[in-house]
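Topology and contacts: notes
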Amino acid sequence: MSHPILRPGHGPTLLGPEQRQRAWDRLGSEQFDVVVIGGGVVGSGAALDAATRGLKVALVEARDFASGTSSRSSKMFHGGLRYLEQLEFGLVREALHERELSLTTLAPHLVKPLPFLYPLTRRWWERPYVALGIFLYDQLGGARSLPAQKHLTKAGALRLAPGLRRDSLIGGIRYYDTVVDDARHTLTVARTAAHYGAVIRSSTQVVALLREGDRVTGVTVRDSETGAVTDVHGHVVVNATGVWTDEIQALSKQRGRFRVRASKGVHIVVPRDRIVSEVAIILRTEKSVLFVIPWGTHWIIGTTDTDWNLDLAHPAATKADIDYILGQVNRALATPLTHADIDGVYAGLRPLLAGESEETSKLSREHAVAVPAPGLIAIAGGKYTTYRVMGEDAIDAAAEFIPARVAPSITEKVPLLGADGYFALINQTETVGAHYGLHPYRVRHLLDRYGSLIGEVLQMAGRDGAGRPDLLEPITDAPVYLKVEAWYAAAAEGALHLEDILARRMRISIEYPHRGVDCAREVAEVVAPVLGWSDADIEREVDTYCARVEAEVRSQQQPDDESADALRQAAPEARAMILEPVPLD
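The structure reproduced in this document is the subject of the present report.

What counts and what doesn't
Residues numbered from 1 in each chain as written. Predicted model: local features only at pLDDT ≥ 70, side-chain atom pairs only at ≥ 80, totals over all residues. Heavy atoms only, no water. Helix = DSSP H or I, 4+ residues; strand = E, 2+ residues; numbered from the N terminus. Rg over C-alpha atoms; globule rule 2.2 N^0.38 Å. Buried < 20%, exposed > 50% of the residue type's maximum accessible area, 1.4 Å probe, protein only. Contact = heavy atoms within 4.5 Å. Areas by Shrake-Rupley, 256 points an atom, 1.4 Å probe, with all protein chains shown as cover. Lys, Arg positive; Asp, Glu negative; His and termini not counted. Charge placed at Lys NZ, Arg CZ, Asp CG, Glu CD. Patch = residues over 30% accessible without salt bridge, like charges linked within 9 Å, V, L, I, M, F, W, Y side chains within 5 Å. Salt bridge = Lys/Arg side-chain N within 4 Å of Asp/Glu carboxyl O. Pairing = 2+ DSSP bridges. Phe/Tyr/Trp six-rings, centres within 6.5 Å; stacked < 30°, edge-to-face > 60°. Lys NZ or Arg CZ within 6 Å of the ring centre and 35° of its normal.

1. Quick look at the overall build of the protein
- Helix and strand counts for the protein stand at 19 helices and 19 strands.
- Taking 585 residues into account, the globule formula puts the C-alpha radius of gyration at 25 Å, and the protein, at 23 Å, falls close to it.
- For the C-alpha atoms alone, the extent of the protein along its principal axes is close to 65 × 55 × 50 Å.
- In the protein, which comprises 585 residues, the share counted as buried stands at 63%.
- Of the contacts formed within the protein by residues at least 6 apart in sequence, a portion of 72% connects residues at least 24 apart.
- When the accessible surface of the protein is summed, it comes to about 22,600 Å², and 53% of that surface belongs to carbon and sulfur atoms.
- Across the protein, the 64 positively charged side chains and the 74 negatively charged ones have centroids separated by 5 Å.

Dropping the structure here:
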């Protein structure tokens, strides 16, 4: 039998039900070099880094891949232009280097160039001040494969963004950044780690750390779907749980070397026709900046930056958050947005390293690695863009606990699944479309989600043999997506619940006013054969998802965090979580 890495699309690259069972058996029976806790972008990046160094790796995620911070970002692989003002030149240089790598080599199918307009509002000093900042940004790496800044008159800026109020600017500067589907990118990092041999498993919650004396030697995990428990042994454990860092740290009974504070960031999603603009827009606010980012047939507008001390799994947006975003963006728009224009809302938590300042916007976005106990590595802070460096740093620190020699990191040279062959396929959209009976626009959309794995996705519809050609039909109430994408999410991408599919594998929960409720049953019936759901399972999944959406919508009408959180927490969970892991002696 050939090695799975030599057979793309086979073996561990798929994260379906069969692979899930195999992963559970391996977790409980094998000795690993590295056990990573957390299936966000940093944990997935650490698992990929370790696996490509030739180490034996397990990654466990309590909920779904990217279900925390990594699916709720501003959807940018951004260089951190605003951090120049805080004189964080090292962070900006590092972020721009990582952005360039992903844009050109690691994930060109997922990370896309995006022109931004920076509207100027002050005469005399602002243009040279901002120009100098963007020039520095370009020199630090911002203009390597993207165009450099371009200065615009007021008329020129309004030609790019006619939806802005004429009196809201006196000119503008156009510069470039990028946009990414964060949840899809994180999942692809995790699947790439699996491709290189890592054992990857979601709905697998760490409930205790294993110890020999003061040394951490693994974790006890519980399957959130079945309640089964097993021990996973590793030479070193990496805590990459973001805002949950302190909770996992508490299991070690040792004081952590740093503390993580959660800062809530809220975004709203409005239809594309509500703002007339050819470019993304960055607006200065009194506290920070506001991004207006094109997202398919929508705009994503955000974000806020406030302390959050309530439920970490389901941060809730309030009416006050949404009013703040509307108020800020409407200062610049010719046609103001209202609550009725909003199709979607989401809230995420930034894991910030707790510092001296009480203002979360001033806390460091840099990351830190610590060894809070022998055999336990903690990594936190950072930005989505620098996930690869964070993963590398975590495994560098873990190396001292691994008995064998550990090779240096090579992830700079490892394209994610779907990257190889992507550019060639872009030039073959007509041919691919003709073969599958799909419009070239549809093929392009699929390529920008799956890259060169598009053949693996479409093959599941069976056009190449006996199968389900009906899966090539659009989802009735979310026609941007094909039914085969839901099937593929369950068969290959580790989706176990409706929420995983509607909120993360596809972004239906924020892209349609019905937030996925109108197509929940149809999608559940598509994936039922893959996941082995009975009629009763379908009913429960649909009911749970609809209750989640209702709770979120109602929470977004509440005046404060506490009342929004109470409503959101009352909704049923798809996964049976142990909310308070207890240290086991």
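That covers the picture; the talk isn't over yet.
2. So, a nonpolar patch on the surface
- Together, Leu87, Phe89 and Leu136 line one region of the surface with nonpolar side chains, adding up to about 270 Å² of accessible area.
- Of note, Leu87 is situated in the loop between strand S2 (57-60) and helix H3 (89-106).
- For Leu87, a relative accessible area of 60% puts it in the exposed group.

3. Regarding the pairing of strand S8 (residues 215-223)
- Buried residues dominate S8, accounting for eight of its nine residues.
- As paired elements, strand S7 (residues 204-212) and S8 share eight bridges and run antiparallel to each other. The residue bridging Gln205 from the neighbouring strand is Arg222, located in S8.
- In this structure, the hairpin formed by S7 and S8 is closed by a connection of two residues, where Gly213 is found at a positive phi of approximately 65°.
- Two strands pair when backbone bridges link them, and S8 and strand S9 (residues 229-239) are joined in this way by five bridges, in the antiparallel orientation. What sits directly across from Val219, in S9, is Val232.
- The hairpin formed by S8 and S9 contains five residues between the paired strands, and Gly227 there has a positive phi angle of roughly 85°.

4. Examining the packing of aromatic side chains
- One pass over the full model with this rule turns up seven aromatic pairs.
- Geometrically, the ring pair formed by Phe116 and Phe291 is edge-to-face, given 6.1 Å between the ring centres and 75° between the ring planes. In this pair, Phe116 sits in strand S3 (residues 111-120) while Phe291 sits in strand S12 (residues 289-295), placing the two residues 175 residues apart along the sequence.
- Assessed through its relative accessible area of 7%, Phe291 is described here as buried.
- Linked through ring pairs, Phe77, Tyr384 and Tyr387 together constitute an aromatic cluster.
- When the ring centre of Phe32 is taken as reference, the NZ or CZ atom of Lys56 above it lies at 5.8 Å.

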